[in-house]
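As a plain string of letters, each chain reads:
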Amino acid sequence: MTDAHLRSRGDGDGSKRDLTYPPLPEALVVPVYDNHTHMEIADGGDGALDYREHLGRASSVGVRGVVQVGTDLATSQWSASIATREPRVLAAVALHPNEAPSLQEQGLLDEHLAGIEALAALPRVRAIGETGLDFFRTGEDGRDAQIRSFEEHIRIAKEHGLALTIHDRDAHDAVVEVLDRVGAPERTVFHCFSGGPDLARLCAERGWYMSFAGTVTFKNAALLREALVVAPRHLIMVETDAPFLTPTPYRGRPNAPYLIPITLRSMAETLGTDASMLAAQIASNTELVYGAWDAEPVTVDE
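Model, not experiment: these values are computed from the prediction.

## Description of the overall build of the protein chain
Reasoning step 1: Across its full length, the protein chain carries 10 helices and 10 strands.
Reasoning step 2: Scaling as 2.2 N^0.38, a compact globule of 302 residues should have a C-alpha radius of gyration of about 19 Å, and the protein chain matches this with 18 Å.
Reasoning step 3: Buried residues in the protein chain amount to 53% of all 302 residues.
Reasoning step 4: Considering only residue pairs separated by 6 or more positions, the protein chain has 75% of its internal contacts joining residues 24 or more positions apart.
Reasoning step 5: Of the roughly 12,400 Å² of accessible surface on the protein chain, a fraction of 50% belongs to carbon and sulfur atoms.
Reasoning step 6: Each charge class in the protein chain was averaged separately, 27 positive and 44 negative side chains, and the resulting centres sit 5 Å apart.

Take a look at the structure:
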């Protein structure tokens, strides 16, 4: 398994971004985890960081570990491979909802789901994700495939005793319907929580975790900050979703796990609490969801 990036971030709209990484933020006094990142994606142009560089920078500012998240079979295999030999990495494996329609059309969905289930048995794979529903990119024709894939990922998470990491874009009601109908795993995480206070209250009632990304720092994200205030402290976590969703004031530049302190301090300000107290709570929450990063040994590279 190569350590090289599997793909590069695309700009999509053709705009030219500032591809330089932001400076290191002030280190956290109490360390936390980035519970959702994509280190397999190259960003930053010629200055793209490999996973070792990402982790080194993160360690220097109080981010003690990450959950590396797959979005298809190849990136899930990469994530699981890195986790086997890097003590600061745990893995989440899944087929992203936007992958499901094309895989079904090709007759490959069941085969790829079987591949995800095989990875789920590995000891440093601690979550099934990101899975869920995305009605922003996928139209009506692809929704049945997304729902079937989502249901299978839920089954895999429950049968293997793993957390479930949910991608929910423009699909709040449908995601909740599926979870309620088939039964959510004990540890269910809404990654990059994007709802308002009503969804936050619903998640709180069901004991579902809410993970906040750099979007919570955006000027136009008032409803997201209202949701953060509503969310019980024992159900919140923090993430980057790197290389995307870089927090203010560096929005648009490459994101990385070492920028977690910016988002966490912004969350603490919104909540009117001390950053160290919030970090301690979030670190505890994260370990409850994924377990200890040092619970299983890693393979030492020769």
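The discussion continues.
## Overview of the sheet that holds strand E10 (residues 236-238)
Reasoning step 1: Within the open sheet, the eight strands sit side by side as E2-E4-E5-E6-E7-E8-E9-E10. Their pairing is parallel. Two strands lie at the open edges of the sheet, namely strand E2 (32-37) and E10, each paired on one side alone. Strand after strand, the sheet turns through a mean of 30° between neighbouring axes, direction not considered.
Reasoning step 2: Relative to strand E4 (residues 63-69), E2 runs parallel, the two sharing four bridges.

## Examining the environment of histidine 167
Reasoning step 1: If you trace the backbone, histidine 167 turns up in strand E7 (residues 163-169).
Reasoning step 2: Along the chain, histidine 167 and proline 22 lie 145 residues apart, while their C-alpha atoms are 26 Å from each other.
Reasoning step 3: Engagement of the side chain of histidine 167 in a polar contact is seen with the side chain of glutamate 130, the distance being 2.9 Å.

Each value, and the rule that gives it
- Residues numbered from 1 in each chain as written.
- Predicted model: local features only at pLDDT ≥ 70, side-chain atom pairs only at ≥ 80, totals over all residues.
- Heavy atoms only, no water.
- Helix = DSSP H or I, 4+ residues; strand = E, 2+ residues; numbered from the N terminus.
- Rg over C-alpha atoms; globule rule 2.2 N^0.38 Å.
- Buried < 20%, exposed > 50% of the residue type's maximum accessible area, 1.4 Å probe, protein only.
- Contact = heavy atoms within 4.5 Å.
- Areas by Shrake-Rupley, 256 points an atom, 1.4 Å probe, with all protein chains shown as cover.
- Lys, Arg positive; Asp, Glu negative; His and termini not counted.
- Charge placed at Lys NZ, Arg CZ, Asp CG, Glu CD.
- Pairing = 2+ DSSP bridges.
- Axes fitted to C-alpha atoms, helices over the stretch in contact; angles between N-to-C directions.
- Polar contact = N/O pair within 3.5 Å; in protein donor to acceptor, adjacent residues only side chain to side chain.

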